[in-house]
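Here is how the chains run, residue by residue.
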Amino acid sequence: MELVRPLIMTVIQSQNPIIQLTKNLGQRTVASCSPSPASVQKYIVKNYFYYYLFRFSAALGQEVFYITFLPFTHWNIDPYLSRRLVIIWVLVMYIGQMAKDILKWPRPFSPPVVKLEKRVIAEYGMPSTHAMAATTISFTLLISTMDRYQYPFVLGLLMAVVFSTLVCLSRVYTGMHTVLDVLGGILVTVVLIVLTYPAWTLIDRLDSASPLFPVCVIVVPFFLCYNYPVSDCYSPTRADTTTILAAGAGVTLGFWINHFFQLVSAPAESLPVIQNIPPLTTDMVVLGLTKFVVGIVLILLVRQLVQNLSLQVLYSWFKVVTRNKEARRRLEIEVPYKFVTYTSVGICATTFVPMLHRFLGLL
C-alpha cells in the first residue's frame, strides 16, 4: 500500500515505509534558496496511520514541542532537570545547526521524495537536528533521572528509544532527510553526550558563579550568533540558532538571578534518590495545567512585547521601513531582535513565572 503519492510528480516508489527509508539514503540535490514546484507538490495519502503517526512524531522535534515541554518540566516536574535539559539541548543544537551550514549537504532529491514540510526546505540536510534534539532530550532526561527518581530503568530506556526513533523515522517519511542525515545526527549527539557528561555536575552549579557570569552568558552566545557561518542564500537556520542560543542564555541567566537575589529556592541536588514518584492525582493535574497556562500566557505576552519593541528600535536605528518583513532577515536586525526577544523569554520562564505562581498561590 502506498503511503503518500504526489499528484503532479512521480509516485513514491516503495510500498514499505522502511524500504523507502533506505532508498532515501544518499539522494542529494543542488541547494536552492526557494522551494521548487517539485518541493511543494500535491500528494494523496494512502495510509493515514503512518501519515498521522509520523507527522505527529515530526512535531515532537519542532519548536512547538520544546516551547511547551521544557517550561512544563521546569514549572511542574523538576527545575533541576529542566536546567540540565536546556543547556545540553542548546549545546547540541548549536553544533548541529552550524554543521549544516558548514557541510552544506542538500536535502533529499524531490522527486521522487515527497516533501511534506515547507518552512525548512531551504536549509541543508546533514545532520538532522530533529534527530539530534530528540536524542538529546530523551537520553539526557533518562541519564539525569537515574540517580534522582526510582523507576524501572528498562521502562525509561524503552520510552527514550521509542521517542527518539519516532522523531528520526518521521524525518525520512516527511522527505526532509536521508537516512544518512539522521544517523549522522544521532552519532554526533551520542559523541557530545559522552564528551560533556563529566561536566554535567559543573553545569548544575553555574548559577552560583561569579557576578561577572551574566556578562559571559550574554556576550558569548550573541557573538556566536552574529558570527554564524554565512550561507549562499537565506535560510531560517541562523534565525533558529539565534532563538535556541538566546533561550538558553535567558534560562541560564534566570537561574543566576534567582540564586544571586534569592528570589526562589534553588533546585535540589541530584541526591539523595527520591524513592517513589508521587502518584498522579486529579488535583495535581489541575494544578499543573493551571501553572502551565498561566506561565505560557505570560511568556507569550513578554515575547510579543519585547519582539515589537526591539524591532521598532532596530528599524528606527537602521532607518528601515516599519513592517518590512525582508528587513528582518538582515544580519544586523535578525540576530539582535531574536536574541533580545528569546533571552527575555528564558528569563521570564525561570524567574518571573515562578514568582507569579507564588503570588497566585500555585506553589
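In case you missed it, the structure is sitting above this.
Residues numbered from 1 in each chain as written. Predicted model: local features only at pLDDT ≥ 70, side-chain atom pairs only at ≥ 80, totals over all residues. Heavy atoms only, no water.

Colleague: How do you make sense of the overall build of the protein chain when you look at a structure like this?
Modeller: Helices and strands together make up the secondary structure of the protein chain, namely 12 helices and 2 strands. Walking the protein chain from its N terminus toward its C terminus, one meets helices and strands in the order β-α-β-α-α-α-α-α-α-α-α-α-α-α. The 363 residues of the protein chain split such that 49% are buried. Once local pairs closer than 6 in sequence are excluded, the contacts in the protein chain between residues at least 24 apart make up 80%. Put simply, the protein chain shows about 18,100 Å² of open surface, and 71% of that area lies on carbon and sulfur atoms. (Helix = DSSP H or I, 4+ residues; strand = E, 2+ residues; numbered from the N terminus. Buried < 20%, exposed > 50% of the residue type's maximum accessible area, 1.4 Å probe, protein only. Contact = heavy atoms within 4.5 Å. Areas by Shrake-Rupley, 256 points an atom, 1.4 Å probe, with all protein chains shown as cover.)

Colleague: Can you walk me through the pattern of salt bridges in this structure?
Modeller: Pairing between side chains of opposite charge can happen when their charged atoms approach one another. Under the criterion given, the structure shown has 2 salt bridges. Between Arg238 and Glu334 there is a salt bridge, and its shortest N-O distance comes to 2.7 Å. Here Arg238, found in helix α10 (residues 237–260), pairs with Glu334, found in helix α12 (residues 331–359); they are 96 residues apart in sequence, far enough to count as distant. For the pair Arg238 and Glu334, one class covers both residues: buried. Between Arg330 and Glu332 there is a salt bridge whose closest N-O contact spans 2.6 Å. On the accessibility criterion, Glu332 (21% relative accessible area) is partly exposed. (Salt bridge = Lys/Arg side-chain N within 4 Å of Asp/Glu carboxyl O.)

Colleague: Any chance you could explain the packing of α10 against α12 here in plain terms?
Modeller: Helix-helix packing is characterised by the crossing angle of the two axes and by the distance between the axes. In the contact formed by α10 and α12, the axes pass within 6 Å of each other and the chain directions differ by 35 degrees. In this structure, the crossing between α10 and α12 has a hand that is right-handed. Across the contact of α10 with α12, the residue classes break down as 13 nonpolar, 9 polar and 3 charged. (Axes fitted to C-alpha atoms, helices over the stretch in contact; angles between N-to-C directions. Left-handed = near helix turned anticlockwise from the far one by under 90°. Nonpolar A, V, L, I, M, F, W, Y, C, P; charged D, E, K, R; others polar.)

Colleague: Honestly, the side chain of Gln97 in this entry has me stumped. Any pointers?
Modeller: Among the structural elements, Gln97 can be located in helix α4 (residues 79–103). Among the polar contacts listed, one links the side chain of Gln97 to the side chain of Thr241, at a separation of 3.5 Å. Leaving out residues up to four positions away in the same chain, Gln97 has contacts with Thr129, Tyr228, Thr237, Asp240 and Thr241. (Polar contact = N/O pair within 3.5 Å; in protein donor to acceptor, adjacent residues only side chain to side chain.)

Colleague: Is there a simple way to think about the nonpolar core in this case?
Modeller: A general tendency of soluble globular proteins is for nonpolar side chains to be buried together. Counting residues in each nonpolar core, the largest one holds 41 residues, and the members touching the most others are Tyr66, Leu70, Trp75, Trp89 and Ile299. Residue assignment for this core shows that the elements contributing at least two residues are α3 (63–77), α4, α5 (129–145), α6 (153–173), α9 (213–226), α10, α11 (282–317) and α12. Among the elements that take part in this core, α10 stands out by supplying 9 residues, more than any other. When residues no more than four places from it in sequence are discounted, the contact partners of Trp75 are Lys291, Phe292, Gly295, Ile296, Ile299, Ala349, Val353, Pro354 and His357. In this structure, Ile87, Ile88, Leu192 and Ile193 belong to the second largest nonpolar core, which totals 8 residues. (Core = buried A, V, L, I, M, F, W, Y, C linked by side-chain atoms within 4.5 Å.)

Colleague: I would appreciate a short explanation of unusual backbone geometry in the present structure.
Modeller: With the exception of glycine, most residues fall at negative phi, and the peptide bonds are largely trans. Backbone geometry places Lys104, a non-glycine residue, at a positive phi of 60 degrees. Tracing the sequence through the fold places Lys104 in the loop between α4 and α5.

Colleague: Help me understand helix α7 (residues 179–196), please; the structure alone is not making it clear to me.
Modeller: The α-helix advances 3.6 residues per turn, and as a result positions three or four apart in sequence lie on the same side. For α7, built from 18 residues, the straight-helix expectation of 26 Å at 1.5 Å per residue is met to within 8% by its first-to-last C-alpha distance of 26 Å. Inspection of α7 places Asp181, Val182, Gly184, Gly185, Thr189, Leu192, Ile193 and Thr196 among the buried residues, and these make up the whole buried set. Each buried residue of α7 sits inside an arc of 165 degrees when the element is viewed along its axis, so together they form one side. Every exposed residue of α7 that faces more than 90 degrees away from the buried side is listed here: Leu187, Val194 and Leu195. On its buried face, α7 sits against α4, α5, α6 and α8 (200–203). (Expected span 1.5 Å × (residues − 1). Arc of directions from axis to C-beta.)

Colleague: Even after reading the chapter, I still don't get α9, so can you show me in this structure?
Modeller: With 14 residues, α9 should reach 20 Å at 1.5 Å per residue; the first-to-last C-alpha distance of 20 Å fits that figure. Residues Phe213, Pro214, Val217, Pro221 and Cys225 constitute the buried set of α9. Along the axis of α9, the buried residues cluster in a sector spanning 120 degrees; they form a single face. Contacts from the buried residues of α9 go to α10 and α12.

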